[in-house]
Amino acid sequence: MVQIKFVKKDTSGGDIPSKRKRKHTKKIAVIAQKIEHGVPQGPILGPLLFLLYINDLQSHINEAKLVLYADDTNILVTVKNEEDLYTRLSVVTKQFDGWLYKNGLVVNTIKTVAMSFHY
């Protein structure tokens, strides 16, 4: 996949990112970047491409329920006791890690949280 970024030529010789895409003129340069995997950010199709990219995630995690919304993924694990929780989380984590590795992705640990609900 190739990501194309349109930039406005700066008269001082540098490039300034354009706020909107325009047809090629003398003032516009096109910079192409090769993308090995993932979804390029910015294009209108980005959200759809992302959903297609992660579409098979649910088939790789069997021990939990996944809730996907835009680019957020929630993995829900339900158990009756704490011992089962650790066992189930271990299995789900291994399944998720396998999928991430296969797809060349990593988890953003800064944006990742774990929550426990008791009822």
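Structure: above.
All residue numbers refer to positions counted from 1 along the written sequence of the respective chain. This being a predicted model, a pLDDT of at least 70 is required before a residue's local features are given, and a value of 80 or more before pairs of side-chain atoms are given or counted; all residues contribute to the totals for chains, interfaces and linings. Hydrogen atoms and water are omitted, and side-chain values are computed over all heavy atoms in the structure.

Take the pattern of salt bridges next. The term salt bridge refers to a pairing of a side-chain nitrogen on Lys or Arg with a carboxyl oxygen on Asp or Glu at a separation within 4 Å. Across all of its chains, the model carries two salt bridges by this definition. The closest approach of N and O atoms between K102 and D56, which form a salt bridge, is 4.0 Å. In this pair, K102 is assigned in helix 3 (residues 82–102) and D56 in the loop between helix 1 (46–53) and helix 2 (57–60), connecting sequence segments 46 residues apart. Partly exposed residues are those whose accessible area sits between 20% and 50% of the maximum for their type, while under 20% is buried and over 50% is exposed, using a 1.4 Å probe and protein chains only. Given a relative accessible area of 55%, K102 falls into the exposed group. Going along the chain from the N terminus, every DSSP run of H or I of four or more residues is numbered as a helix, and every run of E of two or more is numbered as a strand.

Turning our eyes to something else, we now look at the pairing of strand 5 (residues 72–76). The side chains of a regular strand alternate, first on one face of the sheet and then on the other. A pair of strands is labelled paired if DSSP reports no fewer than 2 bridges between them. Sheet topology note: the strand 4 (residues 65–69)/strand 5 ladder contains five bridges and is antiparallel. Looking at the pairing, L68 lines up with T73 of strand 5. Linking two consecutive strands that pair antiparallel, namely strand 4 and strand 5, is a turn of two residues; a positive phi of about 50 degrees is found at A70 within it.

Worth remembering: the numbers are spatial, not functional.
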